[in-house]
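# Breakdown of the fold
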Amino acid sequence: MRKLTLLLLLLIANLALAAEKMTAPQLITLAQSQSDALPEAIAATFTQQELKEGTAWAGKGHDFFFALASATPPQLFVDGAAGPQMQPLGATGQWYAAARIEELGALHSFYYQIAGARFGGRLDLPAFGPESYLEPNVPSGKLSEKLIHTSKIYAGMQSEYWVYVPAGYDPQVPAPLMVFQDGGGYIHRDGNNPALNVIDNLIAQKKIPVMICVFINPGDVTGAPGTPTYRFVQAYADQWHRTLKDSMRSTEYDTVSDRYDRFLRDELLPQVAAQYNIRKDAYSRAITGLSSGGICSFNAAWQMPDQFSRVITWIGSFSSIQWKEDPAIADGGQDYPEKILREPARNLRVWLQDGSNDQENDRYGSWPLANIRMANALKLKNYDFHFSFGQGTHNSGHGAAEFPAEMIWLWRDYDPAKTSQAYTMEPEEKAKPLFRVTITSRDAR
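Here is what the cut-offs are and how they apply
- The written sequence of each chain sets the order in which its residues are numbered from 1.
- The predicted nature of this model means local features are confined to residues of pLDDT at least 70 and side-chain atom pairs, given and counted, to a pLDDT of 80 or more, with totals for whole chains, interfaces and linings taken over all residues.
- Only heavy atoms go into the side-chain values, all of them from the structure, while hydrogens and water stay out.
- For the purposes of this entry, the term helix denotes a DSSP run of H or I that reaches at least four residues, the term strand denotes a run of E that reaches at least two, and both are numbered from the N terminus.
- Exposed residues in this analysis have more than 50% of their type's maximum accessible area, buried residues have under 20%, and partly exposed residues fall in between, with area computed by a 1.4 Å probe over protein chains only.
- Should any heavy atoms of two residues lie within 4.5 Å, those residues are counted as being in contact.
- In protein, a polar contact requires one atom able to donate a hydrogen and another able to accept it; more generally it is a pair of N or O atoms within 3.5 Å, and residues adjacent in sequence count only if both atoms are side-chain atoms.
- A pair of strands is labelled paired if DSSP reports no fewer than 2 bridges between them.
- What pLDDT conveys is the predictor's confidence in a given residue, as a value from 0 to 100.
- By convention in these notes, a salt bridge is any Lys or Arg side-chain nitrogen within 4 Å of a carboxyl oxygen on Asp or Glu.
- Residues are said to line a cavity or pocket when one of their atoms sits within 4 Å of a point; the points come from a 1 Å grid over protein atoms alone, cavities being sets where a 1.4 Å probe fits but cannot get out and pockets being open sets with protein on both sides within 12 Å along at least five of seven lines.
- Grid points are joined across faces, edges and corners, and a volume is the space filled by probe spheres set on the points.
- Put simply, Ala, Val, Leu, Ile, Met, Phe, Trp, Tyr, Cys and Pro go in the nonpolar bin, Asp, Glu, Lys and Arg in the charged bin, and everything else, Gly too, in the polar bin.
- This arc is taken over the directions from the axis of the helix to the C-beta atoms.

## Structural notes on the environment of His108
With respect to the helices and strands, the residue His108 is situated in strand S7 (residues 106–114). Take His108: its relative accessible area is 4%, and that puts it in the buried class. The spacing of His108 and Ala127 is 19 residues in sequence and 7.1 Å in space, taken between C-alpha atoms. Dropping the residues within four chain positions of it, His108 is found in contact with Asp79, Ile101, Glu103, Arg122, Leu123, Asp124, Leu125 and Ala127. Among the polar contacts made by the side chain of His108, one reaches the side chain of Asp79 at a distance of 2.6 Å.

## Thoughts on the pairing of strand S11 (residues 158–165)
Taken across its 8 residues, S11 has 6 buried, putting it largely inside the fold. Pairing of strand S9 (residues 142–143) with S11 involves 2 bridges; the strand directions are antiparallel. Each bridged residue has a counterpart across the sheet, and for Leu143 the counterpart in S11 is Tyr164. One ladder, built from 4 bridges, connects strand S10 (residues 147–150) with S11; its direction is antiparallel. Counterpart to Thr150 in the pairing with S11 is Gln158. Relative to strand S13 (residues 212–216), S11 runs antiparallel, the two being bridged by 4 bridges. In the sheet register, Trp162 faces S13, and the bridge partner there is Phe215.

## Focus: the confidence of the model for the protein
Scored by pLDDT, the protein has a mean of 95; 95% of the residues are at 70 or more. Low pLDDT, under 50, characterises residues 4–8; the predicted model gives this stretch 0 contacts beyond four residues in sequence or across chains.

## Re the pattern of salt bridges
Going through the model one piece at a time under the given rule, you end up with 18 salt bridges. Between Glu160 and Lys146 there is a salt bridge; the shortest N-O distance is 3.5 Å. With Glu160 in strand S11 and Lys146 in the loop between S9 and S10, the pair connects residues that are 14 residues apart, well separated along the chain. Glu160 sits in the partly exposed class, given a relative accessible area of 27%. The partly exposed category is assigned to Lys146, whose relative accessible area is 46%. A salt bridge links Asp258 to Arg262; the nearest nitrogen and oxygen atoms lie 3.3 Å apart. One salt-bridge network, held together by shared partners, links Arg349, Asp384, Arg412, Asp413 and Glu426.

## Side note on the layout of surface pockets
Taken as a whole, the largest pocket holds about 910 Å³ of empty space. Lining the largest pocket are 31 residues, with Lys21, Gly59, Asp190, Gly191 and Asn192 positioned closest to its centre. For the lining of the largest pocket, the element with the most residues is strand S1 (residues 56–60), which contributes 5 residues. Of the residues assigned to the lining of the largest pocket, the class counts are 11 nonpolar, 13 polar and 7 charged. Taken as a whole, the second largest pocket encloses approximately 470 Å³ of empty space. What lines the second largest pocket is a set of 16 residues, and nearest its centre among them are Ser356, Phe389, Val437, Thr438 and Thr440. Counting residues per element, the ones that place at least two in the lining of the second largest pocket are helix H11 (367–380) and strand S19 (384–390). Among the elements that line the lining of the second largest pocket, the one with the most residues is H11, at 3 residues. Classifying every residue of the lining of the second largest pocket by side-chain character gives 8 nonpolar, 5 polar and 3 charged.

## Remarks on helix H3 (residues 38–45)
Taken together, the buried positions of H3 are Leu38, Ala41, Ile42 and Thr45. All buried residues of H3 project into a common sector of 100° when viewed along the axis, lining one side.

Have a look at this one:
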């Protein structure tokens, strides 16, 4: 009787879990126990489109779970090698497999073979390491409620932002600062970019300093019709068939000028500094973002190296998105490699990340080639930089997977007793050759 009661309780618990989206370990546990709740759990975790297209996956640490709808038995390949055998999910026409991926803090890939033909898969399969999950006994900081700033530099634009204060913050001690563009994408501990977990863990390990983090979203100018900013953004949206909010983001992030940087320096960050004790030296300030937020971050440090000296860019849009949209602004993002080569050097430390399957855009150019050009320009001018180039698409997976390594590299040798440091290229990087391009997507002769 006791055994039957335990089995019933286990079944009820499994059914309750199956009604919600589940993690890879939970799905694997259901699969290993051959639970009747597994079909419902798969349906709750993945969309029908993901299952039909062969893009359904879940991962946590080393553990990954793959699911697929197929009338024919599929074979799973992970990083180009044959994976575990796919198992049929009863008579549902669905298949699943549990796999273990050894290398953490890196990007992986998968696909299927069905009847001898390649099918589905993803090039962006991040395997997060332990620093990306809040470790036991590591104290969490406090994320503010969503705050709103109304700009004067972008007349009437309203920006959402959050301030993160780590557990070790002492109001009597000025703290370093890090600013995140598209900030709302970084504030969820169980999301695709679990930055808060990384920050807490690395602070606890004393691998990065205790820092105030500001997560800021692109602004919204819809409530300010008739202003010069609104008119410019509306015209840009009409010309390129983009939404008003998307065009506002591009106006802020992709423009090669000091306008957004003045917005940070003169408007938003003073508002944060009124509440928290923040260091003012560029040595203690970092900035990061992805895609247009990536070039925005580099641009902020380039335009104002007295404000930011540490930069991380993921899949940076060093391309011609805002090129000559304003006749008064001659440069575009595609000009940055030449600006690095020809303009006076800035004292910057820069981590670049991109992938060979990033965008080739008929309006704005090539993201992979632009990032390679950036890396070579930084190398030729002896900047303290690192270039992480993989096979990913225009996706945050690669950058997020290695975010702990990026942060450790970016803040290495930080000394709170200093206010400046002349950054120099690492000997290991100096010994390496320039980046060269080979064509792999078509026959080359």
